[in-house]
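Take a look at the letters that make up each chain.
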Amino acid sequence: MDFSKSKELHNEALEHIVGGVNSPSRAYKGVGGGTPVYMEHAKGAYFWDVDGNKYIDYLGAYGPIITGHAHPHIAEAISYAAKNGVLYGTPTRLENKFAKILKQAIPSLEKVRFVNSGTEAVMTTVRVARAYTGRNKLIKFSGCYHGHFDSVLVEAGSGPATLGTPDSAGIPESVASDVITVPFNDLEAFKAAMERWGNQIAGVLVEPIVGNFGIVEPEAGFLQAVNTITHDAGALVIYDEVITAFRFTYGSAQQVYGIEPDMTAMGKIIGGGLPIGAYGGRKDIMEQVAPLGPAYQAGTMAGNPASMAAGIACLEVLQDVGVYEKLNDLGKRLEEGILNQASQYDIPISVNRLCGALTVYFGSGRISNYEQAEASDGDAFAEFFRLMLEQGINLAPSKFEAWFLTTEHTEADIDQTIEAAGKAFRTMASR
Ligand code: PMP
């Protein structure tokens, strides 16, 4: 494959844009760097790059794209909004309509607020939890990503329940020391942290199905226990459903497990590909937010008609009969096919999958927490990533990311991908 125009554009980008990219993972950081592919256009399950190469897309823009690129219903909604004025700075009918749709789909949302990104949504839930409880500390789970605001760019040491240290320059120790990080799926560590700091905890931030060290489901009873213990301590449970809302079912992960948090943050899919975030939850908690309460949050672009229209249109498509069954069938076909090819060439992999989202880990053993995902073979993934790219299969450039299917992928796309994986494994086995 020729990537020469991508190389040219990247050299130009490096002159003007920091690191050449507007989000670090796009620099192929997770696969050892190099020239990222510059995409020119996208339709359905496919991308075409600036050199004219075609790809089957499994990046799905890191999650938002579930109905395929340039879906006609969403495109029409966006173009209607474009012609009607994209930003008013006043309330609109569309915001009410979308809020009602979200509330109907996710019953724990008694009140919602629209913002512009997942980061903003999660950040505000943390502020609201602090306002509501009058406490400062936050518990999060190791390896979970919740956006780039200060409190969540915090990691733990190697202990099972440790006070956080900043994961980025520019974050004060004083902020990080209010965050406690616990391994996901480790109830004992969670209990230990709650015993020690429980009466200082404002909120426990949970990705109910992890999407950020691959797709990792909670073990049986884990979410339930987290809810009970958190509530017993007078703290709030916050679900970060930025990836999971509308990914696995028409609704959220909380419905998959029949459990309700106090607050939920969303983003990605609910914008149909346009910038969006939303948070919501129990009425008495949400009433902490301005103009009703003392917790401030605002936004010039919040609830803009284009994002509202795109999000409503996307959820309309997702309400079609059989959407999630199709995603599940395609996901299952892909999982089985890849596992089968890997075993033919004796490449040790494991696959975590839920519906139309999966992660292929190199190495053996089940992955149920960050430590295990971290121990999976990044060099093998990087080689696989490049071998797949050369065959026109576009994966997310990191061993920690998920492959996201869309309603536009076909069985033929899946079979082509499985065949490409087989060739990649054969090459890897021959080295
Ligand atoms: N929470 C989760 C679970 C995410 O995966 C992400 C983004 N990958 C965010 C929050 C932040 O969302 P955004 O990039 O829209 O700010």
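Residues numbered from 1 in each chain as written. Predicted model: local features only at pLDDT ≥ 70, side-chain atom pairs only at ≥ 80, totals over all residues.

As recorded by an unreviewed UniProt entry, the protein chain carries the name Glutamate-1-semialdehyde 2,1-aminomutase and is attributed to Virgibacillus siamensis. Entered under Catalytic activity (unreviewed entry) in the UniProt record, the comment concerning the protein chain runs "(S)-4-amino-5-oxopentanoate = 5-aminolevulinate". The record in UniProt for the protein chain states the following under Subunit (unreviewed entry): "Homodimer." (UniProt positions renumbered as here; feature names shortened; annotations may be inferred.)

Asker: Is there a simple way to think about the overall build of the protein chain in this case?
Answerer: When helices and strands are tallied, the protein chain shows 14 helices and 17 strands. Compactness check: the protein chain gives a C-alpha radius of gyration of 21 Å against a globular reference of 22 Å for 431 residues, within 12% of the reference. In terms of overall dimensions, the protein chain has a C-alpha envelope of 60 × 55 × 45 Å along the principal axes. Here the protein chain holds 431 residues, and the buried ones make up 49% of them. Within the protein chain, residue pairs in contact and separated by at least 24 positions form 73% of the contacts whose partners lie at least 6 positions apart. (Helix = DSSP H or I, 4+ residues; strand = E, 2+ residues; numbered from the N terminus. Rg over C-alpha atoms; globule rule 2.2 N^0.38 Å. Buried ≥ 20, exposed ≤ 12 C-beta atoms within 10 Å, placed from the backbone. Contact = placed C-beta atoms within 7 Å.)

Asker: What is the right way to read the site of the ligand from this model?
Answerer: Near the ligand there are 15 residues, and of these Ser-117, Gly-118, Thr-119, Gly-147 and Val-242 occur at the shortest range. Per-element tally for the shell around the ligand: the top contributor is helix 4 (residues 118-133), with three residues. Residues of the shell around the ligand, tallied by class, amount to five nonpolar, eight polar and two charged. (Near = placed C-beta within 6 Å. Nonpolar A, V, L, I, M, F, W, Y, C, P; charged D, E, K, R; others polar.)

Asker: Can you walk me through the UniProt feature "modified residue: N6-(pyridoxal phosphate)lysine" (unreviewed entry) in the protein chain in this structure?
Answerer: Here the UniProt-annotated "modified residue: N6-(pyridoxal phosphate)lysine" (unreviewed entry) positions come out as Lys-268. With respect to the helices and strands, Lys-268 occurs in the loop between strand 12 (263-267) and strand 13 (277-281). Look at Lys-268 and you get buried, because 27 C-beta atoms sit within 10 Å. Setting aside residues no more than four positions away along its own chain, Lys-268 makes contact with Gly-63, Pro-64, Gly-118, Val-242 and Ile-243.

Asker: Can you walk me through the domain arrangement of the protein chain in this structure?
Answerer: Think of interface size as the accessible area that goes away when the parts come together; that is how it is often given. Taken domain by domain, the protein chain comprises domain 1 (4-70 + 321-429) and domain 2 (73-318). Using only C-alpha atoms to locate each centre, domain 1 and domain 2 end up separated by 26 Å. Counting from both sides, the interface comprises 25 residues of domain 1 and, opposite them, 30 residues of domain 2. Every element with two or more residues in the side of domain 1 that touches domain 2 is listed here: helix 11 (323-344), strand 14 (349-354), strand 15 (357-362) and helix 12 (370-375). Classifying every residue of the side of domain 1 that touches domain 2 by side-chain character gives 17 nonpolar, six polar and two charged. (Domains from an automatic or database assignment.)

Asker: Is there a simple way to explain helix 3 (residues 93-105) in this structure?
Answerer: In an α-helix, one turn spans 3.6 residues, which is why side chains three or four residues apart end up on the same side. Across its 13 residues, helix 3 extends 19 Å between first and last C-alpha, which sits within 8% of the 18 Å expected from 1.5 Å per residue. On the buried face of helix 3, the contacting elements are strand 4 (111-115), strand 13 and helix 10 (305-318). (Expected span 1.5 Å × (residues − 1).)

Asker: So what exactly am I meant to see when it comes to the environment of Tyr-296 here?
Answerer: You can see Tyr-296 is positioned in the loop between helix 9 (283-286) and helix 10. Residue classification places Tyr-296 among the exposed residues on the basis of 11 C-beta atoms within 10 Å. As for Tyr-296 and Pro-64, which are separated by 232 residues in sequence, their C-alpha atoms are 27 Å apart.

Asker: How should I be thinking about the nonpolar core in this particular structure?
Answerer: Nonpolar side chains in soluble globular proteins generally cluster together in the buried interior. By size, the foremost hydrophobic cluster in this structure holds 125 residues, and its most contacted members are Ile-238 and Ala-278. Taken domain by domain, this core gets at least three of its residues from each of domain 1 (4-70 + 321-429) and domain 2 (73-318). Non-local contacts of Ile-238, meaning those with residues more than four positions away in its chain, are made with Thr-125, Ala-129, Gly-203, Val-204, Leu-205, Val-206, Pro-261, Asp-262, Met-263 and Ala-265. (Core = buried A, V, L, I, M, F, W, Y, C linked by C-beta atoms within 7 Å.)

Asker: Explain the sheet that holds strand 17 (residues 403-404) to me, please; I cannot follow it from the model alone.
Answerer: Whenever strands of a sheet pair, they do so through backbone hydrogen bonds, lying parallel or antiparallel. One open sheet holds the three strands; their spatial order is 14-15-17, and the pairing between them is antiparallel. For this open sheet the edge positions go to strand 14 and strand 17, each flanked by a neighbour on one side alone. Sitting on the sheet, helix 11 is in contact with strand 14 and strand 15, with an inclination near 175° to strand 14. (Pairing = 2+ DSSP bridges. Axes fitted to C-alpha atoms, helices over the stretch in contact; angles between N-to-C directions.)

Asker: Would you explain the confidence of the model for the protein chain in this entry?
Answerer: Low pLDDT means the predicted atomic positions in that stretch should not be read closely. When pLDDT is averaged across the protein chain, the result is 96; 98% of the residues are at 70 or more. Scored by ipTM, the complex comes to 0.99, with pTM at 0.97. (pLDDT = per-residue confidence, 0-100.)

Asker: Got a minute to help me understand the sheet that holds strand 3 (residues 54-57) in this structure?
Answerer: Across the sheet, which stays open at both edges, the four strands sit in the order 1-2-3-16 with mixed pairing between neighbours. Two strands in the sheet have a free side with no partner beyond their single neighbour: strand 1 (39-43) and strand 16 (393-394). Pairing geometry for strand 1 and strand 2 (residues 46-49), over four bridges, is antiparallel. Directly across from Ala-42, in strand 2, lies its bridge partner Phe-47.

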